[in-house]
Every structure is written in C-alpha cells, then in structure tokens.
Amino acid sequence: MDYNRINNLTGWGIFALAWIVYLLTMAPTASFWDCGEFIACANELEVPHPPGAPFFLILGRVFAIFAGTAENVPVMLNILSTLCAAFTILFTFWITTFLAKRLIAKEQEDGTLTSMETLMVMGAGVIGAAACTFADSVWFNAVEAEVYAMSSLFTAVVVWLMFKWHVRADQPGNERWIILIAYLMGLSIGVHLLNLLTIPALAFIYYFRKYDFSWRGFIVTGLISVIILGVIQTGIILYTFDIAWAFEKFLVGTTFNNGSAKSGLGMPVGSGILLWMLILIGGLIFLTWYSAKNKKPLLNLATLCAIVIYIGFSSYAMIPIRSNANPAIDENNPDNSYTFLRYMKREQYGDRPLLRGPLYNASPVAYKDGGMEYYLDDETGKYRELGTKRKYEYNDKDKKWFPRMYYDQQMRWRNGPHAYVNYVRRKGSNPNDKNDDRPTAGEDFNFFLDYQVGHMYVRYFLWNFAGRQGDVQDMGWESGLNVNEVSNMPASIKNDPGKNHFFMLPLILGLLGLYWQAKKRGQDAVVIGLLFFFTGLAIVIYLNQYPSQPRERDYSFAGSFQTFAIWIGLGAIALYDLLKRYAKGATTYIALGVGIIPPVLMAAQGWDDHSRAGRYLAPDSAYNLLNSLAPNAILFTNGDNDTFPLWYIQEVENVRPDVRVLCLSYVNTDWYIDQMYQKLNESEPLPLTLKQSQYYGQKNQGWDQGSKERIRMRLPADISALKANSVITDREEQKVQSPMVWDVPTRGGGSVRYLELKDRVVLNLVENISKGGWDRPIYFANTVSRSSYLGLDKYLRLEGMAYRVTPVVDPLPADPYDFYVGGIEPALMENNITEKFRYRNLNNPKVYYDENSRRTIINYQSIAYRLANYYYREAEKLENTDSLEFSPILGVEGGSLSKADQISTLKTKAKELMDFTEENFPLEVINPGPFFAMRNGVMYERLGETEKAQEYMDATKAECIETLKFYRNNNASSPREGDFQTALRMLYQHYLSTGKTEEGKALLEELDAEGLSLNQ
C-alpha cells in the first residue's frame, strides 16, 4: 500500500475516533454562556451579538432542519461542533504527518520512506492528533454549540491547504490553492476572526518555498503578512461598510436633529449600499480583466483572492436581511447602513487602547469629537442626527505606549488578586481614589507579563499540557509531579474531577518536538512557531484583558494549543531519531509506545471533567425561572447565563413565550428599548412612556442627578386592583403599603451623581405598571445584583427563582445563611419548587457539574432553604407568642388545627423541603462547598434532627480543617481557600449563637492545635 493511501486511511481512522469521543462526551442540550443564544439564532436565523457569526448560523440552520423535534435542535447544533472538531483533528493529523515526513525524509537521498519509517510518521500523526483531541480547551469547544470548534477547523484546513500548495508550487495553476485558501478565509469571517491570524504563517510558507532565505526577505515577508492581515481585518471587514455608509449618507440624505433637511439626494434607503456594491464589484472585475490582459500575475492573484474573500464574506448579508424581518432576537437592529456599521465595529463593547493611551488612573482634561450619531427616521426616510458622541481627551503626559492597565470601571482596578493597585508601588493615601496612584510604564508592563501573559495565557497553556488544579475560576496549573503534595491532599481536593495531572509529559514531548524541528527543519519550525504565536500571545496583546474576567477565556486560544499538539507528534520523531542508534529494530515501537503515553494520560485524566453527557442544567434552569412567573410577566435578567438559556427555551422549545425577558446589560441601548414597544412572540408591548428623544444616543446614557445621593419615589397601590389582578393574597392585604414609597440610590459619587438609562427604563416600567393597577407582573431574576433593584428590596417577593415587585412589605427575619431580600409567597413557592421545577440528573453521581453549574444548583438549594426557614420561623413564632392562635400561611387548614399541630405541620413542611433537596440535588453529587453543608446542618438542628445535623457539622469542620492544613503545610493556595475559612467562622458563630460555648471553645482549641485560626 502506498504512502498516500496509508496516510488517508489512518487520518480517517483518527477522525472517527475523535468524533466518537466527542459524541460520547457531547452536551445533550444547550449549555451555558453563548450556546443558548447561538442555538436560538441558528434555529430561526435571528441576529446574535455583534459581530455575529452568520456562516455558523446558516450551517447550524441546515443541521437544525433534521432535528425532528424542538428538543433535538441543540443536539444537532452540538453534533455540528463535534463534527467540526473531529475534522480539525483529521487535518491536524495530516499537517503533522506532512511535517514528520519532512523530518525523516530529510535523511534520505530520494525522500522515500521504508515501511517502518512510514509507520513512524503515521504514529507521529496519531500522537499529535490524539493530543489535540484531548487537549483541555479543544475538547471543551468540541462538545457545545459555539463558534470555536468551527473556527479551529478553518485554521487547520487553511494551513493544510498551504502545505498542499507547497508540494505543487512549481506546477501550472498552483495559484488555485491560494485562491481556495482566500475563499475559506472569507467564509471563516462569518464564524470568527481567529482564522485570519494564520496569515503570517501562510506568508512564510510561501516565502520559504519561492525564495532563498535572506534576513531582508524574512523581514519584508513579515511586514507584508501583517499588511495583508490589516487589509482584510480593517479594509475589507470594516472600511467596506465605512465607505458604504458614506455613499448612503450622500444618496439617502441626513437631517438635523429637528428634522429639517441637511444633505443628500433623498433617494430610497439602501441606495448608497447598492451603488457602492456595484462600484466595488465592477472595480474588482475590471482589475481581474486588466491584470489578465496585461499579464500581471501578482495583481491578478491578489484581485481574485479579494473577490473570493468577498464571496465568502457575503454570508454577512444575512444579518441585515434577517434584521429587517424584526425577529425576536435582533441585537443592535442592524437593518440599515448605519446600525450595520455599528454592529460590525462592535461599538456596544467600547474601545480599548492597544498601542498608545491612558492608564486607568489618568484624569480626562476635555472631551473630543467622537463622530455624529444617527438613526433612521421612518417619517422622512432619512438619517437624523442625534448629536456628537463625546470621548475623553487626556494630556500627553498621562498617555503610555502599550497601555495595559487601562480599565477603570466597576472597581476592577481595586478589587481582586490581580487588581491594578497590586502592581503599583506609588499609591496614594486614599485606597478608593484611583487618581492618586502613580503607576510607571514598568509596572504597567509587569501587569502585562504577570496577568495577561502569565495568568490569562501561560496558565491555560499549562492546563492543556501540564495539568490543572481544578475547575474553580482562576485556579492554577498543577502537574502532579509533587508526589508528597498529591499524597497529602484531602479527599475533597484530590477527588475533584476538574483536577488533571499530566505530569508535564505532553509539555516535555512537545518541547522536544519543537527543538527537533528547529534543529532539523528550521524553516518549518518558524512557520509553526508563527502559527503558535499569532493564535496565542498575539491574541493576548490584542484583547488587552482587564482583571476579574467574568469567565475563563482559554477557549480563545484553542488554535495555539492545537498547534502545540503538532509539536507533540513531532516529539515522537525526535524520540525515534534519538533512540535508533541504540534500540535498532525496536526503535519505532519504543518511540511510538513512549509517545502515545501523554495523549492517553490526557484522555484518562480529562474524561470525567469534559464529559457533559446527561447535563440538562442550562435549559432546566431557564424552564424553572420562566415557570416561577405569572402570565404575561416582565423579567429582568443579569447577563449571559441568566438570559441566553431563556432565549433558547423560548425561541426553540416555545416555553412561556408570553414572558418578556429584558437583559439589563442591553437595557442601556436604544435599539433594545425600541423592541420593548413591539409585540414579541406572545408578549404584548411593554407599558413604557419614554420618547425616543429620551433614550436615543450617547447623551441619554446617563441622567444627571446633581449631587443627590437618593431620589424619593412614590407610587399608587390600589388594594382592590391588586386583589383583582391576583397580585396579593388575603394574608398580605394588611401588609400593602399604599402608596409605595422608597428611595432610589443614584450612581457615581461626590457632586457627580446620575442614573443609568436602564435605571430610568426600570423605574418608568414600575411607575406605569403601578398606575395601571399592577396588571402586568414585573420580576427580577434572583441572580440580579442588588444595585439593579434600585432600592426596591423591601417590595420584592420571592416566588421561586425570581422576585416579584409588589407594594407589599413582608420581610423575613435576618438570617446569616439566607442570601435573599424581601419576603416570599410560601404556597406558590413550594408548589414551584416541589411540583413545577425540573431537576434532571442533579442527583446522578455520574454527571459532572462544573463550577458554573454548581452556582445554579446552589441557587436551588438556597431558595429551598429560605422557604424551609420561613416555615421554621412561623413555627417558632407560634411557640413564642400566646396571642397568635393560628398561622395565616396554613390558611383554612391551619384554622382547624391546634396550636401544637400547627407547629408540627410547619416544622414538617420545613423538614420535607430539606429532605427534598437532599434527594434531588445531594451535596455529595454537586459538591457546592463547606458553607452549604453546614447550612443544611443548621436547619436540621433547628428542626430537632440533631443526629443528622451533627453529621453535617462534623463533616464540615473536618473538611475545612483538613483542607486549610493542606494549604498551609504545602504553601499552596486556591480561590476556594476563603470558602473553608468562612465556613469555619460561621460554624463558630453558630455555636455561640445557640449557647454551645463548649463546642465553640473546642473548635478554637482544635484550630490552635493545628496551627490555624478563624481569621488567617
């Protein structure tokens, strides 16, 4: 059998293996983060967050057609990702064998291989592809409906195609391979921009094949590659639409803010885009003809490449086409030239300085013109001016080259282990005032090296090839080589599925492969090295990430990690070359036997924490949240994990389409507020009374409140209307506050106080709903930050996973174990928790739940605890109050029971709820942390279940002490360390508050004997 046939068959074999692995570990439904949004948008071709991924959505729609049922739509989208990832492994295999053959064949005069050498090359490809298959970040991307698996496929394909060109570079028509690469790059823009980062590596493949090496040629090639990258990313992707917008303004016309005509020809909307497209297409066709006629091959090739890039890029036509259909998900409403330009520029995410700019503590000295804002006026058919955007201007002395510590919002400059102030030596006297810090350029660069490079890239790299400490955010890498440390780990740490020990074997083999390639084939090493750099560290530089990211970002660097997997495969060739003088005939088998160990170890260690089989939590959490709400409700959510699963389950599974979901992250935008005035699905338009002039443009982003720290609100509360609309129960009638009066805290500080646009929208909705007799239920998800409640805390009523805003004041007694505010509606809440909600597989020990999932499950536990605590407090109230004859929460049933029976009934309800949580989401399955185990013990103790309570508390104490001892003795640290310290303090406080002074004293003595304390 010839070499090519063996190479193809082996490649398809590794493809099949990878696909089976990914199918077995694939999520059976939607996952958290962007997956729900992408599934919903693919299913009905809606418009996701900018800059969109239209080609991914179009392919996703094709797969969704074959779903059969709504519940299978996410399955088909997940299969699309697994298929893309498996093809990525296939092309990684072929790239590795191409490079491996060049390493071995270099020693042969005719370039042919013996059967054993062929086996060695195939083995190297299998090792590299297997390492890529089981690399942490690649595997993570492969099993969910996200764009990164498809983006990785494009990266692998274009590199493989460039090597195909390399072999045929002297043949007639070899340019067609480069044109095909350009077309695929155009397509890849409709998935993610990461594929463009392969351009420098491709340019050097071309250079090394066509030219003799010289440093001048090397440098020129690098510059040209960066120029090509810039032309595509800026020229084609952005300037195309900048120019289209200029044509649109001229042909369609603009008006002043008052509606009077300013400029333009008054042609129909879209005329400018059409004319520009005709000019662009005509110009490219002319250049193609001209270059062919005048025999200018380089110009002809460049023009053809530009044409096919535009053809691939044309998938973006889907975005304005679908936006004009006004789908339910229509982010940024990019239905005209101006909004589409803003969409492509991702303006809603703001700017970040890359080459030169101010650091976080620089004080602006003035405003500069940031460009005119417009909106399409339906009445005039022209673009109306909103006003000039303002941007801060800074003194040159406050600007730095390569600024890294620039983000001054949300106190991230001050809070967290990687806060900017931790890198600044010359700090001022006021820790809350960033303006008196004096960071130097060196300190700024130190932040870049320590946080952006070290924490946000090298740590991820080592996760993939050395080992991982655990799945809690910001956890570090851990190889497992420290045998003493590993052997002394407490069970809670050692048995963490998120802990993976690779003993640095993949890393060592990869570095050996890099060294050997650099030694034997330096030019190939340069190409792969550039690919590794631009898909890794170059992204770090471009992203310029600030501290305390909302999630781990390793998925962005998967291209870099799949590149390193190639070197792991080549490491087997290095072993072969090093051993052949000693092992003789057994060299191949020994090299392959040793080389396959790292990927096998990666598979064995990573399976348990990469398998999402059986995990239904994301759609179930959305189902439970929606079913916490009354009909036709308005729900305010916080961010991605609150919102995107809701979009999925509403748009795909058609669950509760009557609910209007409002993501507070978007409520600050004019396009989102516009949608509130429209009917979406079965949700009627919202009762807003804001005019466009009050929410359009940058000028309305903040509402100046002078120096007012609070704003007094007063709203009507008609009891008869509240009862008629089933807002209140009979027991709550006496607790209605009429009128509602509360203070809204303003944002900012000192003499600069303001309300954000979203605050104004929320208050306007609450005001209009109250005036309408509370006929439209309004809720906050219970995961929304307290600052978003706008002072309404006392008027919030927990009904499941959401707070309803009511004019009822019925707060629960303070409890150190209860995180929530306001009151509850016990009967409704109990029915939701025990009857309505879905908890699929939360009690299945075979299903792995990562940190993000555990937070959701803790929410379930916490609302159940709150209701159990409510029942217990009512029973306690009956026990301690002679005048109270029956508990109103028991209703008619309670009135027929004796006081003792009422107390017994209430405590039984509380115990049944605690038992319900043990049955449906037991702590040993989800491992939420010691605090929550202790809280269960506290509640069981209150209910008289002393034996069970003691088990919980003893287990908590033992786990905490054992874990803290481990951290101290091994000089180790973890983001979870504070959890164990907090649990011990809470346990000690519980002993004191319940009169168990001896137990408290014993705890302190035990800690002292171990060299620990409550406050370390």
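Summarised in this report is the structure supplied together with it. Keep in mind it's a predicted model, so treat the numbers as computed, not measured.

**Observations concerning the pairing of strand E15 (residues 752–756)**
Okay, so step 1: Two elements, strand E11 (residues 702–704) and E15, share three bridges in a ladder whose sense is antiparallel. Note that in E15 the partner of Gly702 across the bridge is Glu756.
Okay, so step 2: Across three bridges, the pairing between strand E14 (residues 747–749) and E15 is antiparallel. Note that in E15 the partner of Gly748 across the bridge is Arg753.
Okay, so step 3: Taken together, E14 and the strand that follows it, E15, pair antiparallel across an intervening segment of two residues, in which Gly750 is found at a positive phi of about 60 degrees.

**Some remarks on the packing of helix H24 (residues 617–626) against helix H31 (residues 851–880)**
Okay, so step 1: One can describe the packing of H24 onto H31 by two numbers: an axis separation of 11 Å at closest approach and a directional angle of 35 degrees. For the pair H24 and H31, the sense of crossing is left-handed. Residues Leu617, Asp620, Ser621 and Asn624 of H24 lie in contact with H31, whose contacting residues are Ser853, Thr856, Ile857 and Tyr860.
Okay, so step 2: Classifying every residue of the contact of H24 with H31 gives three nonpolar, four polar and one charged.

**Some details on the sheet that holds E11**
Okay, so step 1: Strand order in this open sheet of three strands is E11-E15-E14, and the pairing throughout is antiparallel. Strands at the two margins of the open sheet, each flanked by one partner only, are E11 and E14. In this sheet, neighbouring strand axes are inclined to one another by 25 degrees on average, regardless of whether the strands run parallel or antiparallel.
Okay, so step 2: Helix H29 (residues 757–771) rests against E11, E14 and E15 of the sheet, and its axis sits at about 55 degrees to E15.

**Focus: the side chain of Asp658**
Okay, so step 1: Among the secondary structure elements, Asp658 is positioned in the loop between helix H25 (640–651) and strand E10 (660–663).
Okay, so step 2: On the basis of relative accessibility, which here comes to 14%, the residue Asp658 falls in the buried class.
Okay, so step 3: Look past the residues within four positions of Asp658 in its chain and what remains in contact with it is Ala630, Pro631, Asn632, Ala633, Glu682 and Ser683.

**A short note on the pattern of salt bridges**
Okay, so step 1: Applying the stated rule across the entire model yields 47 salt bridges.
Okay, so step 2: For Arg747, the salt bridge identified is with Asp759, shortest N-O distance 2.8 Å. In this pair, Arg747 sits in strand E14 while Asp759 sits in helix H29, placing the two residues 12 residues apart along the sequence. Considered together, Arg747 and Asp759 belong to a single accessibility category, that of buried residues.

**Some details on helix H2 (residues 35–44)**
Okay, so step 1: Judged by how many residues are buried, H2 sits mostly within the fold: nine of 10 residues are covered.
Okay, so step 2: By the burial criterion, the buried members of H2 are Cys35, Gly36, Glu37, Phe38, Ile39, Ala40, Cys41, Ala42 and Asn43.
Okay, so step 3: Backbone geometry just after H2 places Leu45 at a positive phi near 50 degrees.

**Describing the packing of helix H5 (residues 115–133) against helix H21 (residues 558–583)**
Okay, so step 1: Taken N-terminus to C-terminus, the directions of H5 and H21 make an angle of 145 degrees; their axes are 7 Å apart at the nearest point. As H5 packs across H21, the resulting crossing turns out to be right-handed. Residues Glu117, Met120, Ala124, Ile127, Gly128, Ala131 and Cys132 of H5 lie in contact with H21, whose contacting residues are Gln562, Ala565, Ile568, Gly569, Ala572, Ile573 and Tyr576.
Okay, so step 2: Its residues assigned to classes, the contact of H5 with H21 shows 10 nonpolar, three polar and one charged.

**Thoughts on unusual backbone geometry**
Okay, so step 1: For the bond from Pro50 to Pro51, the omega torsion is 5 degrees, close enough to zero to count as cis.
Okay, so step 2: Relative to the assigned elements, Pro51 resides in the loop between H2 and helix H3 (54–65).
Okay, so step 3: One non-glycine residue, Ser548, lies in positive phi territory at about 60 degrees.
Okay, so step 4: Checked against the element boundaries, Ser548 lands in the loop between helix H20 (537–543) and H21.

**Some details on the side chain of Asn141**
Okay, so step 1: Among the secondary structure elements, Asn141 is positioned in helix H6 (residues 136–142).
Okay, so step 2: Excluding residues within four positions of it along the chain, Asn141 makes contact with Ser81, Tyr148, Ala149, Tyr555 and Ala558.

**Looking at the packing of aromatic side chains**
Okay, so step 1: Taken as a whole, this structure holds 87 aromatic pairs when the rule is applied.
Okay, so step 2: Look at Phe15 and Phe87: their rings are 4.6 Å apart centre to centre, the planes differ by 45 degrees, and that puts the pair in the tilted class. Residue Phe15 is found in helix H1 (residues 3–25), and its partner Phe87 is found in helix H4 (residues 73–105); the two are separated by 72 residues along the sequence.
Okay, so step 3: Given the relative accessible area of 9%, Phe15 is considered buried.
Okay, so step 4: In this structure Phe87 comes out as partly exposed when scored by relative accessible area, which is 24%.
Okay, so step 5: When the ring of Tyr789 is compared with that of Tyr803, the centres are 5.7 Å apart and the planes differ by 80 degrees; the resulting orientation is edge-to-face. Residue Tyr789 is located in the loop between strand E16 (778–781) and strand E17 (796–798), and its partner Tyr803 is located in strand E18 (residues 802–805); the two are separated by 14 residues in the primary sequence. We note that Tyr789, like Tyr803, is buried.
Okay, so step 6: In this structure an aromatic cluster arises from ring pairing among Tyr457, Tyr460, Phe461, Trp463, Phe465, Phe532, Phe557, Phe561, Phe564 and Trp567.
Okay, so step 7: We note Arg612 situated over the ring of Phe140; from NZ or CZ to the ring centre the distance is 4.6 Å.
Okay, so step 8: Against the face of Trp703 rests Arg760, its NZ or CZ located 3.9 Å from the ring centre.

Quick notes on the rules
- Residues numbered from 1 in each chain as written.
- Predicted model: local features only at pLDDT ≥ 70, side-chain atom pairs only at ≥ 80, totals over all residues.
- Heavy atoms only, no water.
- Pairing = 2+ DSSP bridges.
- Helix = DSSP H or I, 4+ residues; strand = E, 2+ residues; numbered from the N terminus.
- Axes fitted to C-alpha atoms, helices over the stretch in contact; angles between N-to-C directions.
- Left-handed = near helix turned anticlockwise from the far one by under 90°.
- Contact = heavy atoms within 4.5 Å.
- Nonpolar A, V, L, I, M, F, W, Y, C, P; charged D, E, K, R; others polar.
- Buried < 20%, exposed > 50% of the residue type's maximum accessible area, 1.4 Å probe, protein only.
- Salt bridge = Lys/Arg side-chain N within 4 Å of Asp/Glu carboxyl O.
- Phe/Tyr/Trp six-rings, centres within 6.5 Å; stacked < 30°, edge-to-face > 60°.
- Lys NZ or Arg CZ within 6 Å of the ring centre and 35° of its normal.

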